2 protein chains.
Amino acid sequence: MVVISLEQNEYSMKHTVTYYECDPQGNVTVGMLINLAILVSEKQSDAVGLGPDIVGQFGGGWVITNYNIEITKLPKVGETVVLSTRATSYNRYFAFREFWIRDQAGNEYAHIASIFVYMDLTTRKMVQIPNEILQPFHSEEVKRIPRVGKLEAITSEELLLRQDYHVRYFDIDANQHVNNAHYFDWMLDVLGEDFMKTHRLKKMLIKYELEVRYGKDLVTSEVAIDDATLMTKHRIGTQGNLNAEANCWWEKLA
Amino acid sequence: MVVISLEQNEYSMKHTVTYYECDPQGNVTVGMLINLAILVSEKQSDAVGLGPDIVGQFGGGWVITNYNIEITKLPKVGETVVLSTRATSYNRYFAFREFWIRDQAGNEYAHIASIFVYMDLTTRKMVQIPNEILQPFHSEEVKRIPRVGKLEAITSEELLLRQDYHVRYFDIDANQHVNNAHYFDWMLDVLGEDFMKTHRLKKMLIKYELEVRYGKDLVTSEVAIDDATLMTKHRIGTQGNLNAEANCWWEKLA
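Reading guide: rules and limits
- Residues numbered from 1 in each chain as written.
- Chains lettered and ligands numbered in written order.
- Predicted model: local features only at pLDDT ≥ 70, side-chain atom pairs only at ≥ 80, totals over all residues.
- Heavy atoms only, no water.
- UniProt positions renumbered as here; feature names shortened; annotations may be inferred.
- Helix = DSSP H or I, 4+ residues; strand = E, 2+ residues; numbered from the N terminus.
- Rg over C-alpha atoms; globule rule 2.2 N^0.38 Å.
- Contact = heavy atoms within 4.5 Å.
- Least-squares fit on C-alpha atoms with pLDDT ≥ 70 in both.
- Expected span 1.5 Å × (residues − 1).
- Buried < 20%, exposed > 50% of the residue type's maximum accessible area, 1.4 Å probe, protein only.
- Patch = residues over 30% accessible without salt bridge, like charges linked within 9 Å, V, L, I, M, F, W, Y side chains within 5 Å.
- Areas by Shrake-Rupley, 256 points an atom, 1.4 Å probe, with all protein chains shown as cover.
- Salt bridge = Lys/Arg side-chain N within 4 Å of Asp/Glu carboxyl O.
- Lys, Arg positive; Asp, Glu negative; His and termini not counted.
- Buried area = accessible area lost by both parts, 1.4 Å probe.
- Polar contact = N/O pair within 3.5 Å; in protein donor to acceptor, adjacent residues only side chain to side chain.
- Nonpolar A, V, L, I, M, F, W, Y, C, P; charged D, E, K, R; others polar.
- Core = buried A, V, L, I, M, F, W, Y, C linked by side-chain atoms within 4.5 Å.
- Pairing = 2+ DSSP bridges.

In the nomenclature of an unreviewed UniProt entry, chain A is known as Oleoyl-[acyl-carrier protein] thioesterase of Paucilactobacillus oligofermentans DSM 15707 = LMG 22743. Quoted straight from UniProt, the Sequence similarities (unreviewed entry) entry for chain A says "Belongs to the acyl-ACP thioesterase family."

Structure follows, in structure tokens:
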């Protein structure tokens, strides 16, 4: 029997947090946590010879469907953090990937669980993940991938805060899509400065339904705030479509 | 006689360009070039013992008034570049600082000339620069600091493209101000995808007049395009105020 240590498949890189990756409190923004997560997974993909060109040869690309972000503490401007990722497990249609952001002593700042699918670029439909783009990660084949948590949708009787956002040219990044971080900015911006300065985000579940496109879409961001449980429910829509949903759990700052 | 090499006062750091610092073509955005410039000048300030806390002890802070950005070529996603800066010269009221972005072989990507003033944080007025925050940079005292280039303002007879922008909570960075890169994004976003994909920015002059504030300001970005000279004139305003002006020189891509 061969025992493969799980850590063996973990890929890590260091990153020093810049001032432009932080919010007014000097903490990394949650959108930027996701940018850092994708950054380390792209470096791992390059390291195992699976850059976007190779992945594209199979006619498709990886698409994110869910993130479960658990934040112990946010890294501060100037800190050097260790970004790690592991392609934990997969089945025919879903890949489960984890990310960790830690300090250099190994203490955890955040853990992110995510689910990716493989989309055929011609039909824009989800297809079976080609074995060639899974094998090099030494990921574990499983019947069922772990669930990242079930979302509670906004109900029709809830009071909502609402704000519209234009998709800007520079919202598209080098991956040719509206950068994922902007979904977080649209979702949290609606809460406003007073809320953001008096609450700390502990956990966030986000589910992507439909890509927001530059030049076509006006984004509407809506939020329902439950003051009792300090839970917020978010919805991003465009022209009647649902693009993304999220739930956030907060802690009130003293 | 002591000859001090100019290079002696140059401070450098390496930076690897991430995908979220790039535009859809995989080039660093011009707003991000400015973020990188400020990043290296902050590191230099820290290195000579002049972090924001120390600078603040004199009752004020550095404020940018002008940038002249000359771009030979934009760094690409994944490239490791060398960011350099030098506090070149100063007089009683103005400090002239230069920045270079180069590849690791020393070839220049961009050169940025800038003028900073020192603002009293109570009166919000420009005051004489305290000697204590200049001396450690070994900058040259001069009668007149170099001019960074004269701006041509938009005239009343020009046809304008115009777009409004909300200032978002995450537009404020760890320095407690609307991040400088957003002025560039507001200015260039108005030009639209077709223009941005068919033109390369060669040079940009920008002059800041008044800070844009979160929560109070609706930003209006206007541009006049001169198709013959491939020069664009930009204006950022809020409720009738002029916040910033810029001129851009472009090259048409084949």
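Colleague: I would appreciate a short explanation of the overall build of chain A in the present structure.
Modeller: A count of helices and strands for chain A gives 4 helices and 12 strands. Taking 18 Å as the expected radius of gyration for a compact globule of 254 residues, we find that chain A reaches 18 Å, a close match to that expectation. Viewed in the frame of its principal axes, chain A has a C-alpha envelope of about 55 × 45 × 35 Å. The long-range share in chain A, meaning contacts at least 24 apart out of those at least 6 apart in sequence, stands at 71%.

Colleague: Can you walk me through the relation of the copies chain A and chain B in this structure?
Modeller: Note on the chain copies: they are related by a rotation about an axis and a translation along it. In screw terms, the move from chain A to chain B is a rotation of 180 degrees and a rise of 0.0 Å along the axis, fitting with an RMSD of 0.0 Å. On the angle and the small slide along the axis, the relation comes out as a two-fold axis. When the interface residues of chain A are mapped onto chain B, 100% of them are again interface residues, pointing to one common binding face.

Colleague: Explain helix α1 (residues 30–47) of chain A to me, please; I cannot follow it from the model alone.
Modeller: Along an α-helix, a turn takes 3.6 residues, which lines up residues three or four apart on a common side. Residue and element names in this part refer to chain A. Between its terminal C-alpha atoms α1 stretches 26 Å, which fits the 26 Å expected from 18 residues at 1.5 Å a residue. Burial within α1 is extensive, with 14 of its 18 residues counted as buried. Of the residues one or two after α1, Gly 49 is the one with positive phi, at around 80 degrees.

Colleague: Just checking my understanding: could you explain a nonpolar patch on the surface for this structure?
Modeller: Residue and element names in this part refer to chain A. Taken together, the side chains of Tyr 93, Phe 94 and Met 126 present a nonpolar region at the surface, about 250 Å² in accessible area. Structurally, the position occupied by Met 126 is in strand β6 (residues 126–127). For Met 126, a relative accessible area of 39% puts it in the partly exposed group.

Colleague: In this structure, what is going on with the side chain of A:Asp23? I would like to understand it.
Modeller: Topologically, A:Asp23 is positioned in the loop between β1 (11–16) and α1. The buried charged residue A:Asp23 lacks any salt bridge partner; its closest oppositely charged side chain belongs to A:Lys76, at an N-O distance of 6.6 Å. When neighbours within four sequence positions are excluded, A:Asp23 is seen to be in contact with A:Thr29, B:Phe170, B:Ile172, B:Asp173 and B:Ala174.

Colleague: For this particular structure, what's the right way to read helix α3 (residues 181–189) of chain B?
Modeller: Where burial is concerned, most of α3(B) is hidden: 9 out of the 9 residues are buried. Taken together, the buried positions of α3(B) are B:Ala181, B:His182, B:Tyr183, B:Phe184, B:Asp185, B:Trp186, B:Met187, B:Leu188 and B:Asp189.

Colleague: Looking at this structure, I do not really get the interface of chain A and chain B. What am I missing?
Modeller: Think of interface size as the accessible area that goes away when the parts come together; that is how it is often given. Taken together, the 42 residues of chain A in the interface contact 42 residues of chain B. Contact with chain B buries area across many residues of chain A, yet A:Tyr19, A:Arg168 and A:Phe170 alone supply 25% of it, more than any other trio. The tally of links between chain A and chain B comes to 0 salt bridges. In this assembly, chain A and chain B are joined by 16 residue pairs in polar contact (both at pLDDT 80 or more). Secondary-structure elements contributing two or more residues to the side of chain A that touches chain B are β1, α1, β8 (161–166), α3 (181–189) and α4 (192–198) of chain A. No other element matches the 8 residues that α1(A) contributes to the side of chain A that touches chain B. Classifying every residue of the side of chain A that touches chain B by side-chain character gives 19 nonpolar, 13 polar and 10 charged.

Colleague: What exactly am I supposed to notice about the side chain of A:Asn91 here?
Modeller: Residues and elements named next belong to chain A. Structurally, the position occupied by Asn 91 is in the loop between β3 (80–90) and β4 (95–102). Classification of Asn 91 by relative accessible area gives buried; the value is 16%. In terms of polar contacts, Asn 91 uses its side chain to reach the backbone amide nitrogen of Tyr 93, at 3.1 Å. A distance of 2.9 Å separates a polar atom in the side chain of Asn 91 from the backbone nitrogen of Phe 94. Excluding residues within four positions of it along the chain, Asn 91 makes contact with Ile 129, Val 142, Lys 143, Arg 144 and Ile 145.

Colleague: When you look at the nonpolar core in this model, what are you seeing that I'm missing?
Modeller: As a rule of thumb, soluble globular proteins bury nonpolar side chains together. Of all hydrophobic cores here, the largest spans 135 residues; its most connected members are A:Tyr67, A:Ile69, B:Tyr67 and B:Ile69. With sequence-adjacent residues up to four places away left out, A:Ile69 is seen in contact with A:Val30, A:Leu33, A:Ile34, A:His111, A:Ile112, A:Phe184, A:Lys202, A:Lys203 and A:Met204.

Colleague: What exactly am I supposed to notice about the pairing of strand β9 (residues 199–208) of chain A here?
Modeller: One face of the sheet, then the other: side chains in a regular strand alternate in exactly this way. Residues and elements named next belong to chain A. Sheet topology places strand β2 (residues 60–71) next to β9; 5 bridges connect them, and they run antiparallel. Looking at β9, one finds that Glu 70 is bridged to Lys 203. The sheet contact formed by β9 and strand β12 (residues 241–252) spans 9 bridges and is antiparallel. When the sheet's bridge partners are listed, Tyr 208 is paired in β12 with Ala 244.

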